[in-house]
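Structural characterization, general
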Amino acid sequence: MKIIIDTDPGQDDALTILLALASPEIDLLGITTVAGNVPLTRTTENALKTLDLAGRPDIPVHAGADRPLLRPGVTATHVHGRTGFEGVDLPAPSRPPTPGHAVDFIIRSVMENPPGTVTLCTIGPLTNIALALGREPRLRERIGQIVMMGCAFSEVGNITAAAEFNVYVDPHAAEMVFASGVPLVVFPLDVTHQLHTSAARLARIAAIPNRIGPVVAAWLRFEKRFEATKYGTDGGPLHDPNTVIWLLKPDLYRGRQVNVQIETGSPLTMGMSVVDWWGISSANRNALFMREVDVDGVYDLLIERLARF
């Protein structure tokens, strides 16, 4: 399957890229970066570092939007650290980003491939995707699906009391994507908060006998320190990798088709995901919204794939 990963690395974003690279079922056409966890220069540098770590300098990395559509930028350096890659000191990237804007790359890749054959895995704010949809309306009929980490229902918010981070950073972009008609598969906090990165699970990852396992474990130990303190646990949620893991083994998850709308008018609930789980309205069911996950199955698959490096 052909995919593009649109991302704001971030440690768990890097893990998502590594999982895609370790999986022969996936043809990673390229990586597009967006401002989010850290500013755009950092997210782009981190994507390049991840590919160097994996020994894959052939994968293009296109820098994209450096700010949200309408609002000031917000970062998550309080979670990911100043660089987004705290926890491991990786060498500087071996190359610059690929020439050309991320939005142009997304449009060209989707339009040059047969309709329905390119999946977008979005694990950051949706700014690049909204810009691409606005610039080339035919993408609505040609994108196979958008598999995203974002939103929340019962788990409410992780950056405000009402909003999940990726949606909150650019709620207007998220609003456009959810109204686009493109098939959407959503991995919200409801799923990710079940995937506790316990000390025992991180020890399993660290014990993988290659160069990748110890790096991933160190990344996650740093990233999850904030959430461990927040939740009073020995780890934190595993967010972004669910997108690629679902592509590899969808039966690890369960959800239902629902209507999702994004709040953009209220200062109090800006970026809130309004999920019609019970079908109360007659609104179009625009997303497959996941709520359940086989936790052990996810970690077993993650470790098996990382061991392939």
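Placed above this text is the structure.
Quick caveat, the model's predicted, so the values are computed rather than measured. (Residues numbered from 1 in each chain as written. Predicted model: local features only at pLDDT ≥ 70, side-chain atom pairs only at ≥ 80, totals over all residues. Heavy atoms only, no water.)

Turning to the overall build of the protein chain, a few remarks are in order. Helices and strands together make up the secondary structure of the protein chain, namely 13 helices and nine strands. Computed over the C-alpha atoms, the radius of gyration of the protein chain is 18 Å, within 12% of the 19 Å expected from 2.2 N^0.38 for a compact globule of 309 residues. In terms of principal-axis extent, the alpha carbons of the protein chain reach across some 50 × 45 × 35 Å. Within the span of the protein chain, comprising 309 residues, buried residues form 59% of the whole. If you take every contact in the protein chain between residues at least 6 apart in sequence, the share linking residues at least 24 apart comes to 82%. Put simply, the protein chain shows about 11700 Å² of open surface, and 55% of that area lies on carbon and sulfur atoms. (Helix = DSSP H or I, 4+ residues; strand = E, 2+ residues; numbered from the N terminus. Rg over C-alpha atoms; globule rule 2.2 N^0.38 Å. Buried < 20%, exposed > 50% of the residue type's maximum accessible area, 1.4 Å probe, protein only. Contact = heavy atoms within 4.5 Å. Areas by Shrake-Rupley, 256 points an atom, 1.4 Å probe, with all protein chains shown as cover.)

Moving on, we get to the nonpolar core. With 57 residues, the main nonpolar core has Ile205, Val216, Trp219, Tyr253 and Leu306 as its most contacted residues. Here Leu306 is in contact with Leu15, Leu18, Leu19, Ile205, Ile208, Asn210, Ile212 and Val216, once residues within four sequence places are set aside. Leu126, Ala132, Phe178 and Leu184 belong to the second-largest nonpolar core, a separate cluster that totals 33 residues. (Core = buried A, V, L, I, M, F, W, Y, C linked by side-chain atoms within 4.5 Å.)

For the α-helix, the turn length of 3.6 residues means that residues three or four positions removed from each other point alike. For helix H10 (residues 199-206), every residue scored as buried is listed here: Arg201, Leu202 and Ile205. With its buried residues spanning 95 degrees around the axis, H10 presents them on a single face. For H10, the secondary structure elements touched by its buried residues are helix H11 (212-231) and helix H13 (295-306). (Arc of directions from axis to C-beta.)

As a further point, take the pairing of strand S6 (residues 184-187). With burial as the criterion, each face of S6 is covered, one bearing Leu184 and Val186 and the other bearing Val185 and Phe187. The sheet contact formed by strand S5 (residues 143-149) and S6 spans four bridges and is parallel. Bridge pairing links Val147 to Val185 in S6. Relative to strand S9 (residues 287-293), S6 runs parallel, the two sharing two bridges. Residue pairing across strands places Val185 opposite Leu288, the latter belonging to S9. (Pairing = 2+ DSSP bridges.)

When you line up the elements, Pro60 lands in the loop between helix H2 (40-54) and strand S3 (61-63). Overall, the relative accessible area of 18% leaves Pro60 in the buried class. Along the chain, Pro60 and Gly181 lie 121 residues apart, while their C-alpha atoms are 28 Å from each other. Other than its neighbours up to four places away in sequence, Pro60 contacts Leu29, Gly30, Ile31, Arg95, Thr98 and Phe105.

For the rest of this paragraph, the subject is the packing of aromatic side chains. In the structure shown here, the tally under the stated rule is five aromatic pairs. Ring centres 4.6 Å apart and planes at 45 degrees place the aromatic pair Phe85 and Trp219 in the tilted group. Taken as a pair, Phe85 in the loop between helix H3 (77-80) and helix H4 (102-112) and Trp219 in helix H11 lie far apart in primary sequence, 134 residues in all. For Phe85, a relative accessible area of 3% corresponds to the buried category. Grouped by ring-pair contacts, the aromatic residues Phe153, Trp277 and Phe289 constitute a single cluster. The side chain of Arg71 reaches across the aromatic face of Tyr168, ending 5.1 Å from its centre. (Phe/Tyr/Trp six-rings, centres within 6.5 Å; stacked < 30°, edge-to-face > 60°. Lys NZ or Arg CZ within 6 Å of the ring centre and 35° of its normal.)

The subject of this paragraph is the pattern of salt bridges. Tallying each qualifying case throughout the model produces 13 salt bridges. The residue Arg135 makes a salt bridge to Asp104 at a minimum N-O spacing of 2.6 Å. In this pair, Arg135 sits in helix H5 (residues 127-135) while Asp104 sits in helix H4, placing the two residues 31 residues apart along the sequence. Salt bridges linked by common partners bring Glu25, Glu304, Arg305 and Arg308 together as one network. (Salt bridge = Lys/Arg side-chain N within 4 Å of Asp/Glu carboxyl O.)

Now for H13. Between its first and last C-alpha atoms H13 spans 17 Å; for 12 residues at 1.5 Å apiece the expected length is 16 Å, and the two agree. Burial analysis of H13 places nine of its 12 residues in the buried class, the great majority of the element. Residues Val295, Gly297, Val298, Tyr299, Leu301, Leu302, Ile303, Arg305 and Leu306 constitute the buried set of H13. Those residues of H13 hidden inside the fold are in contact with helix H1 (11-21), H10, H11, helix H12 (242-248), strand S7 (253-262) and S9. (Expected span 1.5 Å × (residues − 1).)

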